[in-house]
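Overview (structure and organization)
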Amino acid sequence: MSESDIKNLEAIFEERIARDEKIEAKDWMPEKYRKTHIRQISQHAHSEVVGMLPEGNWITRAPSLRRKAALLAKIQDEAGHGLYLYSACETLGVSREELYDQLHSGKAKYSSIFNYPTVTWADIGAIGWLVDGAAIINQVPLCNTSFGPYARAMVRVCKEESFHQRQGYEIMLTLCRGTEEQKAMAQDALNRWWWPSLMMLGPTDDKSVHTAQSMKWKLKRKTNDELRQQFIDQTVPQADILGITVPDKDLKWNEERGSYDFGEIDWDEFWQVVKGHGPCNKERMSARVNAWNEGKWVRDGAVAYAQKQEDKKMASAS
Amino acid sequence: MTKNWPLWEVFVRSKNGLEHRHFGSLHAADANMALENARDVYTRRNEGVSIWVVESKNITASNPENSGELFEPAQDKVYRHPTFYDLPDEIKHM
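Model, not experiment: these values are computed from the prediction.

**Re the overall build of chain B**
Helix and strand content of chain B: 2 helices and 3 strands. What you see in chain B, going N to C, is helices and strands ordered as β-β-α-β-α. A globule of 94 residues ought to have a C-alpha radius of gyration of about 12 Å, yet chain B, at 21 Å, is considerably larger. Considered along the principal axes of its C-alpha atoms, chain B spans approximately 70 × 35 × 15 Å. For chain B, restricting intrachain contacts to residue pairs at least 6 apart in sequence, the fraction spanning at least 24 positions comes to 43%. Carbon and sulfur atoms form 52% of the exposed surface of chain B, whose accessible area is close to 7200 Å². The average position of the 11 basic charges and that of the 14 acidic charges among the side chains of chain B differ by 8 Å.

Structure, rendered in structure tokens:
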């Protein structure tokens, strides 16, 4: 294909996106579109999978059977979300093994928030309320993204995500209506999860390298700063209902903007965690890599069994 | 040498009376495992009453590059649609 042919195809491609047409896996697409999508969808899948680890920490210590069943169901959903997203990503011509390898070798990133520890039961409440709350804000616009398989996966993810947030908020509510100690535990969890949740929505617009291109491809429909403001505006009143305080002394309602003003985010902390120096980066990766390596005999056994059944069938047919 | 689990396409009938619809894909060592995994991955909330799985390599798909010659000829055959035919307004139920 000559350079002018490619230019022409690119122009047709950009027009299709501008018309809100969906792009399907086998359609022609610019190499950069493919690569950007593989990067974003796989990061998203990795985040779902690694996101199971901090919550898994509390399955055996959930305070009641009801809480335990809900937490298990939520974690199972996250495994499911990871699988929908890996499948969507594979339609772009990358294999599942390559994707796992990128995660396990540290080449691919996952959401930095999962590198924080879950030290009390209230953290499970705060994660559902804040982390899943921020994730929903990020994910809802993606249901309309230009790449068909990603958009379809996101529709399914978003449908399931709202239970996650509600179960988290209910945990917080129960603690806040409980004893002084329980309420203090909820406040402590909010103190620790608030800022990382704001960071989770990504660097500020002037520092975000991918935003402009991603907006053009409708891989992003709102900027990081818009999403963050939306998250703050809807979450602060929810904290008020709980009767706990958002740990930001500069937080105040701005009548003119119809939004909350908020304090400076510690971006040094964010980049430290992204670069691998968060409290649990090593622990998370080693848990993932161990699970993969120690599951090898099971995967191999399943293949051997399938082969044996196949051979038997062939033998009895001949 | 390790053999990787092949890819399967999953089709789910959401209730009797409706057709099976493509839901997504997954990896599994064999057809039975693909069915079991499909149940866990795609029907955790009563989304289905029946599942089909088929190994992805067995699907033959049309190439989007040939979409023009495949599908455009239908566009100028407007006489295949009822609205192509002019009838007087008095005619009812047709």
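**Things to note about the overall build of chain A**
In terms of helices and strands, chain A carries 13 helices and 2 strands. Scaling as 2.2 N^0.38, a compact globule of 318 residues should have a C-alpha radius of gyration of about 20 Å, and chain A matches this with 22 Å. Along the first, second and third principal axes, the C-alpha set of chain A runs to 75 × 55 × 35 Å. Buried residues in chain A amount to 51% of all 318 residues. Counted over contacts in chain A with a minimum sequence separation of 6, partners at least 24 positions apart contribute 76%. Total accessible area on chain A is roughly 15800 Å²; 55% of this is exposed by carbon and sulfur atoms. Distance between charge centroids for chain A: 4 Å, based on 43 positive and 46 negative side chains.

**Concerning a nonpolar patch on the surface**
Residues and elements named next belong to chain B. Taken together, Val78, Tyr79, Phe84 and Tyr85 make up a surface patch of nonpolar side chains, about 410 Å² in accessible area. Secondary-structure assignment places Tyr85 in the segment after helix H2 (67–71). Relative accessible area serves as the criterion here: at 48%, Tyr85 is assigned to the partly exposed category.

**A short note on the environment of A:Ile38**
Residues and elements named next belong to chain A. Relative to the elements of secondary structure, Ile38 occurs in helix H2 (residues 31–50). Measuring from C-alpha to C-alpha, the distance between Ile38 and Val155 comes to 18 Å, with 117 residues separating the pair along the chain. Those residues in contact with Ile38 that sit more than four places away from it in its chain are Cys89, Leu92, Val94 and Leu99.

**As for the packing of aromatic side chains**
All names here are of chain A. Applying the stated rule across the entire model yields 18 aromatic pairs over all chains. Note on Tyr86 and Tyr100: the rings are 5.3 Å apart at their centroids and 85° apart in plane angle, and the pair reads as edge-to-face. One end of the pair, Tyr86, is in helix H4 (residues 65–90); the other, Tyr100, is in helix H5 (residues 96–104), with 14 residues separating them in the sequence. Of the two residues, Tyr86 and Tyr100, neither departs from the other in class, the shared state being buried. Joined through ring pairs, the aromatic side chains of Phe13, Trp28, Tyr33, Phe147 and Trp217 make up one cluster. Directly above the ring of Trp58 sits Arg61, whose terminal nitrogen or CZ lies 4.2 Å from the centroid.

**Overview of the nonpolar core**
With 96 residues, the main nonpolar core has A:Trp129, A:Trp193, A:Trp194, A:Phe231 and B:Leu26 as its most contacted residues. Dropping the residues within four chain positions of it, B:Leu26 is found in contact with A:Ser87, B:Pro6, B:Leu7, B:Trp8, B:Val10, B:Ala34, B:Asn37, B:Ala38, B:Val41 and B:Tyr42.

**As for the packing of H4(A) against helix H6 (residues 122–139) of chain A**
Residue and element names in this part refer to chain A. Running from N to C, H4 and H6 point in directions that differ by 40°, and their axes come no closer than 12 Å. Judged by the angle between their axes, H4 and H6 are oblique. Pair H4 / H6 crosses with left-handed handedness. Here H4 contributes Leu71, Lys74 and Glu78 to the contact with H6, which in turn contributes Ile124, Ile127, Gly128 and Asp132. Split into classes, the residues belonging to the contact of H4 with H6 amount to 3 nonpolar, 1 polar and 3 charged.

**Describing the interface of chain B and chain A**
Each partner contributes residues to the interface: chain B has 19 residues there, and chain A has 23 residues. When residues of chain B are sorted by the area they lose upon contact with chain A, B:Trp5, B:Arg44 and B:Arg45 head the list and together hold 28% of the total. On inspection of chain B and its partner chain A, the count reaches 4 salt bridges. For B:Arg44, the salt bridge is made with A:Glu160, and the minimal N-O distance between the two is 2.9 Å. Only strand E2 (20–27) and helix H1 (31–42) of chain B provide two or more residues apiece to the side of chain B that touches chain A. The leading source of residues in the side of chain B that touches chain A is E2(B), at 4 residues. Class assignment for the residues of the side of chain B that touches chain A results in 10 nonpolar, 4 polar and 5 charged.

**What about the sheet that holds E2(B)?**
All names here are of chain B. Strands sit in the order E2-E1-E3 across an open sheet of 3 strands; the sheet is antiparallel. Every other strand in the sheet has two partners, leaving E2 and strand E3 (50–55) as the edge strands with one partner each. The average undirected angle you get between the axes of adjacent strands in this sheet is 25°.

**Examining unusual backbone geometry**
Residue and element names in this part refer to chain B. One non-glycine residue, Asn46, lies in positive phi territory at about 60°. The phi angle at His93 is positive, at roughly 55°, despite the residue not being glycine. Secondary-structure assignment places His93 in the segment after H2. Assessed through its relative accessible area of 85%, His93 is described here as exposed.

**Focus on the side chain of A:His81**
Topologically, A:His81 is positioned in helix H4. On the basis of relative accessible area, A:His81 is assigned to the buried category, the value being 0%. In contact with A:His81, not counting residues within four places along its chain, are A:Glu48, A:Val157, A:Glu160, A:Glu161, A:His164 and B:Arg44.

Cut-offs used in this document
Residues numbered from 1 in each chain as written. Chains lettered and ligands numbered in written order. Predicted model: local features only at pLDDT ≥ 70, side-chain atom pairs only at ≥ 80, totals over all residues. Heavy atoms only, no water. Helix = DSSP H or I, 4+ residues; strand = E, 2+ residues; numbered from the N terminus. Rg over C-alpha atoms; globule rule 2.2 N^0.38 Å. Contact = heavy atoms within 4.5 Å. Areas by Shrake-Rupley, 256 points an atom, 1.4 Å probe, with all protein chains shown as cover. Lys, Arg positive; Asp, Glu negative; His and termini not counted. Charge placed at Lys NZ, Arg CZ, Asp CG, Glu CD. Buried < 20%, exposed > 50% of the residue type's maximum accessible area, 1.4 Å probe, protein only. Patch = residues over 30% accessible without salt bridge, like charges linked within 9 Å, V, L, I, M, F, W, Y side chains within 5 Å. Salt bridge = Lys/Arg side-chain N within 4 Å of Asp/Glu carboxyl O. Phe/Tyr/Trp six-rings, centres within 6.5 Å; stacked < 30°, edge-to-face > 60°. Lys NZ or Arg CZ within 6 Å of the ring centre and 35° of its normal. Core = buried A, V, L, I, M, F, W, Y, C linked by side-chain atoms within 4.5 Å. Axes fitted to C-alpha atoms, helices over the stretch in contact; angles between N-to-C directions. Parallel < 35°, antiparallel > 145°, perpendicular 65-115°, else oblique. Left-handed = near helix turned anticlockwise from the far one by under 90°. Nonpolar A, V, L, I, M, F, W, Y, C, P; charged D, E, K, R; others polar. Buried area = accessible area lost by both parts, 1.4 Å probe. Pairing = 2+ DSSP bridges.

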